[in-house]
Amino acid sequence: MFCGILGKVIGAFNLRWYRVTTENTTVQQDPHAQREAEKYDNPIPSREFILDALETAQKPLRLYQVAKVLEVSEDDEERYEALSRRLKAMVRDGQLIRNRRGAFGLLKKMDLIKGRVLGHPDGYGFLVPEAGGKDLFLSEKEMHKALHGDLVIASVVGEDRRGRQEGAIVEVIDHRTKQVLGRLATENGLSWVRPNNNRLTQDVFIPKDGLLDAKEEQVVLVEMLSQPTLRSGPIGKIIEVVGDYMSPGMEIDSAIHAYGIPNEWSEELLKELDSIPDEVVEADLDGRKDLRSMQLVTIDGSDTKDFDDAVFAKRRKNGWRLVVAIADVSHYVKSGTELDKEAFKRGNSVYFPQRVVPMLPSKLSDGLCSLNPHVDRLCMVADLAIDDEGRLERSQYYQAVMNSKARLTYNQVNDILTDSESEYRTEFAEQVSHIEDLHALYKILQKAREERGALEFNTTETRIVFDDDRKIKEIVPVVRNDAHKLIEECMLMANVATARYLKWHKIPIVYRVHEKPAEERLKNVRTFLKDFGLTLEGGDEPTAHDYAAVMEKIKDQPYEHLVQTVLLRSMNQAVYQPDNKGHFGLNYEHYTHFTSPIRRYPDLLVHRAIQHAWKKTGAEGFEYTEANMQELGQHCSDTERRADEATRDAVTFLKCEFLSHRLGEEYDAVVTAATNFGLFVEIDPLYVEGLVHITELGEDYFHYDNARHCLKGERTGKTYRLGDRIRVQVAQVNLDDRKVDLRFISGGSTDETVSEVESESESQSEESGEQKRPRRKRYYRKGKKSPAKSE
């Protein structure tokens with residue numbers, strides 16, 4: 001005990017504002033000395049102060065030089081060794097770089113960039129700078145040094161032939177790929193695993209003692225023993241035989257491992273979970289408003305298991321009351337707990353066909369937090385007052401206990417609203433009038449949306465129907481009805497109200513930000529629209545209103561889908577960040593996510609912010625700073641993209657497998673993208689995408705026009721552009737690469753046909769006919785295999 005007290009005394013003695021001196025300069029004192037003293041008995045200069053010292057020195061410094069300028073004596077062995085460890089840790093974390101002479105330097109002074117490697121299936125890759133800015137191109141040779149996802153330090157070495165900045169990897173500071181899922185291959189007594197993730201382009205060599213009795217072509221899980229270098233590939237050992245390649249569900253297991261989606265619960269988390277009651281207990285109700293008599297209902301898809309939100313609406317004398325009750329996840333998932341750490345790591349639930357990888361364990365996601373019917377549940381409530389014009393007048397937030405009166409599906413609600421004889425009107429007789437109130441409010445909110453100029457693109461979502469063997473039986477479109485839109489408008493209103501509420505309280509949160517389109521994209525869009533006699537107003541700062549005006553002009557025109565697709569692709573991807581820049585597509589000044597804390601971590605953070613707002617202290621005392629929210633937002637944006645890519649990968653595999661049994665069959669298709677190597681098309685009745693290679697289009701030189709999204713024949717004038725309908729034949733399916741090659745049969749537009757469309761647009765004629773699509777002579781005879789491959 002005496003030694004402990006003595007250590008604290010020594011630590012207090014060492015707590016001083018370190019003065020850093022170089023030959024000509026004096027650096028400011030360490031502003032973080034107090035923090036270091038609280039953490040360590042014998043503190044050393046902070047990381048921030050070390051960076052400042054190296055900045056002032058204006059040159060790389062060796063350990064003894066750093067110690068000298070920071071006044072850390074070599075005779076003080078404990079502090080000198082601690083400084084050495086800190087410098088090495090800063091190198092490991094990418095804050096510093098150590099040169100060949102052993103000197104520590106700043107990355108920015110050495111023209112070095114820290115970032116994450118983004119691999120490409122063709123072998124090359126990109127470095128995505130951690131600090132933002134343009135990506136660096138990494139050649140196939142450079143990609144031998146690292147794997148997709150690795151954190152590296154790179155230097156700019158010039159430009160490639162396409163004018164992109166090219167980088168060279170200086171050091172890999174964090175190998176992120178610890179395990180790989182893939183298929184085992186053997187040849188001449190050697191074995192290796194081909195990763196299922198096509199962004200990992202290096203095969204992993206497996207020594208004989210690491211095979212684990214796996215058979216060739218089986219899907220296996222490999223633990224990395226050594227990472228790749230410029231001169232040697234990765235080496236690993238098999239730790240699990242997952243199963244046979246084509247077994248049902250394997251595509252989902254593959255996607256989970258390929259994209260690093262956490263899917264197991266730790267022992268510590270399960271123990272923590274056991275301490276949570278199975279049902280709402282009386283003590284949980286203290287301080288909560290009792291809404292158990294209110295006609296709150298959930299409206300979701302027929303296969304939904306986790307119910308985040310319940311709604312209720314009532315006509316007032318002047319306007320409406322809208323109650324949006326959201327599962328109170330924050331009551332059970334406290335900050336810093338194992339549940340919270342795992343929820344953060346996952347970021348969101350991942351929804352695969354017939355399988356979900358939840359953000360929270362089933363006990364919470366499907367049980368205690370889910371607003372299941374006819375059971376008491378804790379909730380966070382947004383109680384909103386809305387005027388007859390659909391404008392938010394005021395909002396109130398409180399914790400409550402509720403009891404959902406019905407679990408309704410979208411189709412059931414739509415039937416109630418559209419069919420006076422619907423059987424559901426009898427089954428849910430007590431809820432019918434309340435559903436009609438919700439629908440009446442929806443009509444007002446929908447009108448306000450239109451006047452606001454929010455964008456609404458008519459895209460087609462699909463649902464896969466499986467047979468008993470879990471093979472695709474059919475792929476069907478999901479039709480959005482008024483019930484879908486009703487819930488969407490209620491959630492949008494709650495999200496907007498929440499963003500405004502927390503903005504007013506000056507509490508740092510993650511906003512859902514959708515920035516305006518980039519300048520280059522706007523230029524391309526305007527060039528494209530000119531061909532149709534259309535103009536996008538707004539100059540350099542177009543609004544959603546300007547986009548909506550274009551969409552109004554193209555309504556019911558034969559090129560509506562084409563123009564809409566180009567407008568949609570000009571948009572940026574929405575992200576989570578604390579810097580509120582509004583939501584361009586929805587045309588909101590403030591917007592966040594509040595309504596889905598069971599499946600989205602940002603929503604949970606927002607719930608915690610609301611609870612802090614009740615203290616009325618502003619940001620003071622809140623457990624998260626603006627910097628914290630920046631990191632959290634970036635992480636959640638990344639996990640959202642990871643989930644999208646993983647589900648797309650699994651669905652694409654299923655669709656390719658479905659099409660592999662239909663080789664030689666002909667289908668109508670619509671062009672979804674034009675590239676310099678061919679056309680991507682979607683097969684109409686199947687909603688499966690494939691590639692028609694440019695060599696399939698005929699005996700001509702075809703040139704790609706990026707601004708007009710088309711391929712045009714130099715000799716014939718044949719043009720293939722987005723929205724064109726063509727006839728194709730299934731030629732080849734590559735399951736490993738998730739690619740479908742299609743043979744061109746007929747279709748496309750002549751130059752004259754395109755001109756007719758342009759003239760028709762300019763005159764705004766109401767008479768519009770089908771574009772002429774004459775049959776074309778094919779370059780390959782029917783039945784002959786095309787050598788073309790997807791690029």
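Residues numbered from 1 in each chain as written. Predicted model: local features only at pLDDT ≥ 70, side-chain atom pairs only at ≥ 80, totals over all residues. Heavy atoms only, no water.

1. Regarding the overall build of the protein
Here is step 1: Scanning the protein from terminus to terminus reveals 19 helices and 35 strands.
Here is step 2: For 791 residues, the compact-globule formula gives about 28 Å, and the C-alpha radius of gyration of the protein, at 30 Å, lands near that figure.
Here is step 3: When its C-alpha atoms are laid out on the principal axes, the protein stretches across 90 × 70 × 60 Å.
Here is step 4: Counting over 791 residues, the protein shows a buried share of 52%.
Here is step 5: Across the protein, contacts joining residues at least 24 apart in sequence account for 65% of those joining residues at least 6 apart.
Here is step 6: Looking at the protein as shown, the accessible area adds up to about 38,800 Å², and 46% of this sits on carbon and sulfur atoms.
Here is step 7: Of note, the protein has its 112 positive side-chain charges centred 3 Å away from the centre of its 134 negative side-chain charges. (Helix = DSSP H or I, 4+ residues; strand = E, 2+ residues; numbered from the N terminus. Rg over C-alpha atoms; globule rule 2.2 N^0.38 Å. Buried < 20%, exposed > 50% of the residue type's maximum accessible area, 1.4 Å probe, protein only. Contact = heavy atoms within 4.5 Å. Areas by Shrake-Rupley, 256 points an atom, 1.4 Å probe, with all protein chains shown as cover. Lys, Arg positive; Asp, Glu negative; His and termini not counted. Charge placed at Lys NZ, Arg CZ, Asp CG, Glu CD.)

2. What about the pattern of salt bridges?
Between side chains of opposite charge, a pair can form as their charged atoms come close.
Here is step 1: Tallied over the entire structure, the rule returns 44 salt bridges.
Here is step 2: Taking the shortest distance from any N to any O, the salt bridge between Arg176 and Asp174 comes out at 2.7 Å.
Here is step 3: Classification of Asp174 by relative accessible area gives partly exposed; the value is 27%.
Here is step 4: Salt-bridge contacts for Arg708 lead to Asp705; the nearest nitrogen and oxygen are separated by 3.3 Å.
Here is step 5: One network of salt bridges, with partners in common, ties together Arg449, Glu456, Arg480, Glu488 and Glu489. (Salt bridge = Lys/Arg side-chain N within 4 Å of Asp/Glu carboxyl O.)

3. A few points about a negative patch on the surface
Here is step 1: A cluster of like negative charges, contributed by Asp415, Asp419, Glu421, Glu423 and Glu427, occupies part of the molecular surface.
Here is step 2: With respect to the helices, strands and loops of the structure, Glu427 is situated in helix α11 (residues 423–427). (Patch = residues over 30% accessible without salt bridge, like charges linked within 9 Å, V, L, I, M, F, W, Y side chains within 5 Å.)

4. Things to note about the sheet that holds strand β17 (residues 309–316)
Within a beta sheet, neighbouring strands are joined by backbone hydrogen bonds and run either parallel or antiparallel to one another.
Here is step 1: Strands sit in the order β15-β22-β21-β18-β17 across an open sheet of five strands; the sheet is mixed. Among the strands making up the open sheet, the edge pair consists of β15 (289–290) and β17.
Here is step 2: With eight bridges connecting them, strand β18 (residues 319–327) and strand β21 (residues 376–386) associate as antiparallel partners. Among the inter-strand pairings, Val323 is bridged to a residue of β21, identified as Asp383.
Here is step 3: Running at roughly 70° to β21, helix α17 (residues 601–613) makes contact with β18, β21 and β22 (392–403) of the sheet. (Pairing = 2+ DSSP bridges. Axes fitted to C-alpha atoms, helices over the stretch in contact; angles between N-to-C directions.)

5. Comments concerning the pairing of strand β8 (residues 151–159)
Here is step 1: Direction of pairing for strand β5 (residues 112–119) relative to β8: antiparallel, over a ladder of five bridges. Bridge pairing in β8 places Ile113 opposite Ala154.
Here is step 2: Bridge count for β8 against strand β9 (residues 165–174) is eight bridges, and the pairing is antiparallel. Counted as the bridge partner of Glu159 is Gln165 from β9.
Here is step 3: Connecting β8 to the antiparallel partner β9 that follows it, the hairpin turn spans five residues, and Gly163 within it adopts a positive phi of roughly 85°.

6. Details of unusual backbone geometry
Here is step 1: The backbone of Asp213 shows a phi angle near 60°, a positive value even though the residue is not glycine.
Here is step 2: The phi torsion at Glu217 lies on the positive side, around 75°, for a residue other than glycine.
Here is step 3: When its relative accessible area of 34% is taken as the criterion, Glu217 is described as partly exposed.

7. Concerning the sheet that holds strand β33 (residues 719–721)
Here is step 1: Pairing is antiparallel across the open sheet formed by three strands, whose spatial order is β31-β32-β33. Two strands in the sheet have a free side with no partner beyond their single neighbour: β31 (702–705) and β33. Within this sheet the neighbouring strands show an average axis-to-axis angle of 20°, counted without direction.
Here is step 2: Two elements, β31 and strand β32 (residues 710–713), share four bridges in a ladder whose sense is antiparallel.

The values are spatial; any link to function lies outside them.
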